[in-house]
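Structural overview
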Protein chains: 2
Amino acid sequence: MQKPSIPKGTRDFGPAQVARRQHIFNVIRRTFESFGYAPLETPTLENLSVLTGKYGDEGDQLLFKVLNSGDFAKDVTADDLATGSKALLPKVAEKGLRYDLTVPFARYVAMNRGTLTFPFKRYQMQPVWRADRPQRGRYREFYQCDADVVGTDSLLCEAEIVLMMAQVLGGLGLHDFTIKINHRGVLRNIYQALGGEGRETDLFVAIDKLDKIGRDGVSKELLERGFSAPTIETLFELLTVEGTYEEKLQRLLAGFVTAGVEPDGVRPTAPDVEADSPEPLANYRGLTELAEVRDLLVASGFRQFDRLEFDPTLARGLSYYTGCIFEVKINNVQMGSVSGGGRYDNLTGSFGLPGVSGVGFSFGVDRLYDCLEALDLFTVTGETPTRCLITHFDVASGRAALPLLAELRAAGIPSELYPDASKLQKQFKYADAKGIPLVIIMGPEEAAAGVVKVKIMQTGVERVLPVGKVVAALTVE
Amino acid sequence: MQKPSIPKGTRDFGPAQVARRQHIFNVIRRTFESFGYAPLETPTLENLSVLTGKYGDEGDQLLFKVLNSGDFAKDVTADDLATGSKALLPKVAEKGLRYDLTVPFARYVAMNRGTLTFPFKRYQMQPVWRADRPQRGRYREFYQCDADVVGTDSLLCEAEIVLMMAQVLGGLGLHDFTIKINHRGVLRNIYQALGGEGRETDLFVAIDKLDKIGRDGVSKELLERGFSAPTIETLFELLTVEGTYEEKLQRLLAGFVTAGVEPDGVRPTAPDVEADSPEPLANYRGLTELAEVRDLLVASGFRQFDRLEFDPTLARGLSYYTGCIFEVKINNVQMGSVSGGGRYDNLTGSFGLPGVSGVGFSFGVDRLYDCLEALDLFTVTGETPTRCLITHFDVASGRAALPLLAELRAAGIPSELYPDASKLQKQFKYADAKGIPLVIIMGPEEAAAGVVKVKIMQTGVERVLPVGKVVAALTVE
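Bear in mind the structure is a predicted one, so any value in this text is a computation, not a measurement. (Residues numbered from 1 in each chain as written. Chains lettered and ligands numbered in written order. Predicted model: local features only at pLDDT ≥ 70, side-chain atom pairs only at ≥ 80, totals over all residues. Heavy atoms only, no water.)

The next subject is the overall build of chain A. When its secondary structure is counted, chain A shows 20 helices and 16 strands. Taking 23 Å as the expected radius of gyration for a compact globule of 477 residues, we find that chain A reaches 29 Å, considerably beyond that expectation. Considering only C-alpha atoms, chain A reaches an extent of 95 × 65 × 50 Å along its principal axes. For chain A, with 477 residues in total, the buried portion stands at 57%. Sequence separation of at least 24 residues holds for 67% of the intrachain contacts in chain A that already meet a minimum separation of 6. With an accessible surface of roughly 19,600 Å², chain A has 50% of that area assigned to carbon and sulfur atoms. (Helix = DSSP H or I, 4+ residues; strand = E, 2+ residues; numbered from the N terminus. Rg over C-alpha atoms; globule rule 2.2 N^0.38 Å. Buried < 20%, exposed > 50% of the residue type's maximum accessible area, 1.4 Å probe, protein only. Contact = heavy atoms within 4.5 Å. Areas by Shrake-Rupley, 256 points an atom, 1.4 Å probe, with all protein chains shown as cover.)

In structure tokens, the structure reads:
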């Protein structure tokens, strides 16, 4: 006899948790669909040839690999064994578990290039698996909710990402949030403004740590990596520009012009963008695109500009993002970002389909869950969907309750008859433990008189109602 | 550059398929919840100690095992390798993929025995994985939808399974179905009526093949296994009793009495059942319980008795079912059973919690999908949730459309603005390919006049409407 357990880093979700998680999924799904994103689901199992090499060396380590079925070791020799796990792997495993939703999406687009209509807008809400060390808030099996559009470089998509982020958070009751936005081009221009000293990636890696190690830590790191003190000074002047979204754009523009940064122009696909932008901004792609996103938001009726922050220090995902970059934080909870994303230019290159530009973002459901719990924002709390329990005294009164039970369910009120003729106290305890809000008492006297007692569990209030009027009374309430 | 693929036996579900599958899940979920079943989700990864030995030797073979992360081969010696894959397995893998929903449910109940309130009614809709040989209609990754109640042996649960089966199938538009019901006790009584000749399991295994190999095949097999020709004759007399549900019960009763089958009595937990049943039926547990399920259905207002068949040849899952057994077929499609289940008495015994009785059933979503497709019963067909595409001519008219776009979405109409100012023809082609039913044309003239053209794609009918009246017009339709 074994004591059962589940693998570390995994979780069971009981009824109340599933209901709460479903609430989050529903809000996200409704928002994605309202913007025309269509659902996609890919298999849990992917070929390792698809997954390997897509997430860096560390990612390859964290992939869960699935043993080939049958006699998996039949091709393994003692020599293979002696060379170790890495050399052994291709002989015993050819499949792995989905590690994120982006690579399967890219694989899907590449495989179906001939039949898909572009722009292709898809959302995907599925679990992913990573053999990470489990810790508070980090699991080995967790959900991602991604929305991406590929096959267009219209900045309307970026603006709509901001709209969707705000709509989901608002829909969940999370109103104290900040959507941070930056642009890969702005970061590049900042590097150019420093005179191209040192390595560009060193700079970005250091900036990305600003949140964690602070200005002093970043300065130290940059000094060690060969950046000069005056350069670092200039850097922080640029990174810490203050003001509104537009003021920051203008101040960075001034900085770039002063530093003689070579203009990298507007994107050729949006020829009349400059008509809307103050002329000089248009000389720098990053600044002009950020201005354009803001203009599109204004035109869309977006009113939460106090929650949209242009943050030149935002430097996530720089190995793949090529345009706008997004990150969302909930301000009144101590928690990492709950959403993020950006534009990329080469989603499907490794699958033989180059030049596919797209933009996407993702919600972390587990973090949203923790935020909602911390702020006590969940309203669904029952351990059961049941709204109404019919209690009874004996087989005869139980059977007499069956037509009412059917009527309640037909009226859309999830209901149960306690299955056994147990003591009434036990039946009430059941309703209480499961959080069932209404209990109907069907005793022999009630059955004889054609009435029932309806008790509201929260208040203890009881009413006597004719059997024929119960459903009408409950559906009004 | 690789040509991407997915593992055999797995599938991508594109937007239209996800929407159709979601429709099936929603009907099942609503039904389960209306009967008070609460959702549970368990991890994809389970410890192999939980999974192994639960599905027989063949099942153990079909489990997908996950390689331990890190240096998985570090404890493997050349000697281990020489002894082969089976001996090697425990050294390289301690986790596997969920193989069904029953064992994880049992594991959950055993782990949470202290906090769960019984009776515990749960449903679970999640994928499972089996390293089976893929073939038409059989996948390596597929969904199951299970509902079980444990901690009660009330036959109301069995009756409600019939109600739920009928409600789900009706909700999906599948009206030509047969719910077959049998009872483990009836099968045992039949064996006893044969005088206890041969092995009981041989008999049941043969009966279970009746559908596939016919009466002659079964007779041949039983003869080979030591049953006499007269015994086999008697067997088929019992198995092929004709008539209504009640008539079959009575005819089997007569057969059992004639053959002198020892009464196995009514269940002690339902002391007044015999009051409702014709006296002699109550001498046999199987017959009396089947009669009771029927009575409970009558009392619940069930009217589809032409679709409920008492079938004494139904012999599925006899290694674990101990009471009623169910199976559902769709009659107007060539397809295996789409649902099945039964009562079991020892769900959690192997996890150290004996004596947990329960009853449950399962829907095969993939088979339901295939039935609905074969009968052309899907109404959701779009490749996108978008109901309305706004087309435009240039950046200015595109931007002028943004307030209308926001208004449509706010009114609950999933909508898109074509993201690029492409040729109108291309934008219409997009709407057509995605199955978007409505296209709004926002050209410079329309924008200047404050109107739009609304085109119904299916009919080609166009209407000119003031921008301010579009949403009202569309929400009425």
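Okay, the relation of the copies chain A and chain B next. Overlaying chain A on chain B yields an RMSD of 0.1 Å, the required transformation being a rotation through 180° with an accompanying axial translation of 0.0 Å. The relationship between the two copies is best expressed as a two-fold rotation axis. Residue A:Val66, judged by its C-alpha, is the member of chain A lying nearest the rotation axis, at 2.2 Å. A shared binding surface is used by both copies, with 100% of the interface residues of chain A retained as interface residues in chain B. (Least-squares fit on C-alpha atoms with pLDDT ≥ 70 in both.)

Bringing the UniProt feature "binding site: L-histidine" (unreviewed entry) in chain A into the picture now. All names here are of chain A. Listed under "binding site: L-histidine" (unreviewed entry) in the UniProt record, and renumbered for this structure, are Asp100, Leu101, Thr102, Arg130, Gln144, Asp148, Arg316, Tyr320 and Tyr321. Position of Gln144 relative to the elements: it lies in strand S6 (residues 141-150). Looking at Gln144, the relative accessible area reads 13%, which means it is buried. Ignoring anything within four residues of it in the chain, the contact list for Gln144 reads Asp100, Leu101, Gln124, Met125, Gln126, Val128, Arg130, Ser362 and Phe363. Within the local environment of Gln144, its side chain forms a polar contact with the backbone nitrogen of Leu101, the two atoms lying 3.4 Å apart. Relative to the elements of secondary structure, Tyr321 occurs in strand S9 (residues 321-330). (UniProt positions renumbered as here; feature names shortened; annotations may be inferred. Polar contact = N/O pair within 3.5 Å; in protein donor to acceptor, adjacent residues only side chain to side chain.)

This part is about the side chain of B:Asp148. All names here are of chain B. With respect to the helices, strands and loops of the structure, Asp148 is situated in strand S6 (residues 141-150). Reaching out from Asp148, the side chain makes a polar contact with the side chain of Tyr344 at a distance of 2.5 Å. If sequence neighbours within four positions are ignored, Asp148 has contacts with Tyr37, Phe105, Phe120, Lys121, Arg122, Tyr344, Val359 and Gly360.

Before going further, it helps to examine the sheet that holds strand S7 (residues 177-183) of chain A. Strands belonging to one sheet form pairs held by backbone hydrogen bonds; the direction of such a pair is parallel or antiparallel. Residue and element names in this part refer to chain A. A sheet is described by the order of its strands in space; here eight strands give the open sequence S1-S5-S6-S11-S10-S9-S7-S8, paired in mixed fashion. The sheet is open, and its two edges are formed by strand S1 (38-39) and strand S8 (308-310), each paired on a single side. Where S1 lies against strand S5 (residues 120-129), two bridges are found, and the strand directions are parallel. In the sheet register, Pro39 faces S5, and the bridge partner there is Tyr123. Lying over the sheet, helix H1 (residues 15-34) contacts S1, S5, S6 and strand S11 (358-364), oriented at roughly 5° with respect to S6. (Pairing = 2+ DSSP bridges. Axes fitted to C-alpha atoms, helices over the stretch in contact; angles between N-to-C directions.)

Where interface size is given, it is often the accessible area lost as the parts come together that is meant. On the side of chain B, 104 residues touch chain A, which itself brings 104 residues to the contact. In this assembly, chain A packs against chain B so that about 8,600 Å² is buried in total across both faces, 59% of it on carbon and sulfur atoms. At the boundary of chain A with chain B, the tally comes to eight salt bridges. A:Arg409 serves as the salt-bridge partner of B:Glu160, at 3.0 Å between the closest nitrogen and oxygen. Taken together, chain A and chain B are joined by 36 residue pairs in polar contact (both at pLDDT 80 or more). Element by element, the count of residues in the side of chain A that touches chain B is highest for H1(A), at six residues. Its residues placed into classes, the side of chain A that touches chain B shows 54 nonpolar, 23 polar and 27 charged. (Buried area = accessible area lost by both parts, 1.4 Å probe. Salt bridge = Lys/Arg side-chain N within 4 Å of Asp/Glu carboxyl O. Nonpolar A, V, L, I, M, F, W, Y, C, P; charged D, E, K, R; others polar.)

This part covers the packing of helix H10 (residues 210-224) of chain B against helix H11 (residues 229-239) of chain B. Residue and element names in this part refer to chain B. Remark: H10 packs on H11, axes separated minimally by 8 Å, with the N-to-C direction vectors making an angle of 150°. Here H10 is positioned roughly antiparallel relative to H11, judged by the angle of their axes. Where H10 crosses over H11, the handedness of that crossing is right-handed. In this structure, H10 uses Leu210, Arg215, Val218, Ser219, Leu222 and Leu223 to contact H11, whose residues at the interface are Ala229, Ile232, Glu233, Leu235 and Phe236. For the contact of H10 with H11, the residue count by class is eight nonpolar, one polar and two charged. (Parallel < 35°, antiparallel > 145°, perpendicular 65-115°, else oblique. Left-handed = near helix turned anticlockwise from the far one by under 90°.)

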